[in-house]
Each structure stands twice: as structure tokens, then as C-alpha cells.
Amino acid sequence: VPVDGSHWLSMREVLDILQQKGHEVVVVAPEVSMHIKPSKNFVMKRHSGPITQEEMEEHFKAFLHASLEEGSFLERFLKLYQYMKRVSNLAVSSCEHLLQNKELMWYLEESKF
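Remember, predicted model here, so these are calculated numbers, not experimental data.

Description of the overall build of the protein chain
Counting secondary structure elements, the protein chain contains four helices and two strands. Ordered by position from N to C terminus, the α and β elements of the protein chain give α-β-β-α-α-α. Overall, the C-alpha framework of the protein chain stretches about 50 × 30 × 20 Å when taken along its three principal axes. Out of the 113 residues in the protein chain, the part that is buried amounts to 25%. Long-range pairs, those at least 24 residues apart, make up 45% of the contacts in the protein chain with a sequence separation of at least 6. Accessible surface, the protein chain: about 8,200 Å² in total, of which carbon and sulfur atoms supply 59%. Of the side-chain charges in the protein chain, 13 are positive and 16 negative, and the distance between the mean point of each set is 3 Å.

And the structure:
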């Protein structure tokens, strides 16, 4: 169950190697993501999430803008802290959506995921 961004980019290489060694790889990911895309090297199982693709892109743009904004260290730190709190809340909400998906939970349980 990957996290979008740098975590996924690092994990992707590991998954490719596992597949090359004959392992069946299943990735469980939200329908909306920036980097997690289907591949011939693994089975992808999607679940709904709390935001749309447009909302995710807006959050990312806001984070970039806040990261590059001028101002005192404290002002920039507080803005980035607020952004990270929103991202953390979205991650928790995404996990809740995953756990509420009865069909996907059944599949994962039956396949001994």
C-alpha cells in the first residue's frame, strides 16, 4: 500500500525487481494519485479516496507556492506545517476509504495479502 511521491518512486524499483524474480506483486492505491500508475509488472487494485485529481493538484500547487514564498522563517514554517497537517488528514481519510471498501477488503483477505 504505497504513499504517493518519493515513497512510491523508491518502492517502484523494489517492486520491479521482485516481479523479475518471479513474485506476484499487488499494489493497493487510491484512484487519485500523482505518480502511482498501472504497470505490466504488478496487479493494481484501486480504492476511492477523499479528494479529486483537481483537488490534489491544487494542494500540490499550494504547497509549492508556500515553499517558495518569501517571509520570515516562522511564517513559512507555519504555512508548511498547516499544509502538512492537511496532507496527514487526507492520508488518514484515504486509509478510512480503503478499509470501508468491503469488496477490496474481501479480495485482500482471500488472497492472503
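A look at the pattern of salt bridges
Using the criterion set out here, one finds three salt bridges in the structure. Notably, a salt bridge pairs Lys61 with Glu58, separated by 4.0 Å at the nearest N-O pair. With Lys61 and Glu58 both in helix 2 (residues 53-68), this residue pair falls three residues apart, about one helical turn.

Focus on helix 1 (residues 6-20)
Helix length check: helix 1, at 15 residues, gives a terminal C-alpha distance of 22 Å against a target of 21 Å (1.5 Å per residue), a fit within 8%. Along helix 1, the residues classified as buried are Trp8, Leu15 and Asp16. Elements in contact with the buried residues of helix 1: strand 1 (26-30). Gly22 occupies a position one or two residues after helix 1 and carries a positive phi of about 95°.

Some words on the packing of helix 2 against helix 3 (residues 73-100)
The N-to-C vectors of helix 2 and helix 3 enclose an angle of 160°; their axes lie 9 Å apart at closest approach. In terms of orientation, helix 2 and helix 3 fall into the roughly antiparallel class. Of the two elements, helix 2 crosses helix 3, and the hand of that crossing is left-handed. Between helix 2, through His59, Phe60, Phe63, Ala66 and Ser67, and helix 3, the contact on the second element is made entirely by Lys79, Leu80, Tyr83, Met84, Arg86 and Leu90. Here the contact of helix 2 with helix 3 is composed, by residue class, of seven nonpolar, two polar and two charged.

Quick notes on the rules
Residue positions are given per chain, counted from 1 along the sequence in the order it is written. Where local features are concerned, this predicted model is filtered to residues with pLDDT of at least 70; where side-chain atom pairs are given and counted, the filter is 80 or more; whole-chain, interface and lining totals use all residues. Hydrogens and water are ignored here; the side-chain numbers use all heavy atoms of the structure. Helix and strand assignments follow DSSP, with helices taken as H or I runs no shorter than four residues and strands as E runs no shorter than two, numbered in order from the N terminus. Exposure is judged per residue with a 1.4 Å probe applied to protein chains only, and the accessible area is read against the type maximum: over 50% gives exposed, under 20% gives buried, and values in between give partly exposed. Residues are treated as being in contact if the distance between any of their heavy atoms lies within 4.5 Å. For every accessible area listed, the method is Shrake-Rupley and the probe measures 1.4 Å; residues are considered covered only by the protein chains on display. His residues and chain termini do not enter the charge count, which takes Lys and Arg as positive and Asp and Glu as negative. Just so you know, the charge point we use is NZ for Lys, CZ for Arg, CG for Asp and CD for Glu. Any carboxyl oxygen of Asp or Glu within 4 Å of a side-chain nitrogen of Lys or Arg constitutes a salt bridge here. Each helix should span, by expectation, one fewer than its residue count multiplied by 1.5 Å. With axes taken as lines fitted to C-alpha atoms, and helix axes fitted only over the stretch in contact, angles between N-to-C directions fall between 0 and 180 degrees. Note on terminology: angles under 35 degrees are roughly parallel, angles over 145 are roughly antiparallel, angles of 65 to 115 are roughly perpendicular, and the others are oblique. By convention the crossing between two helices is left-handed if the near helix lies anticlockwise of the far one by an angle smaller than a right angle, and right-handed if it lies clockwise. Under this grouping Gly is polar, as are all residues other than the nonpolar Ala, Val, Leu, Ile, Met, Phe, Trp, Tyr, Cys and Pro and the charged Asp, Glu, Lys and Arg.

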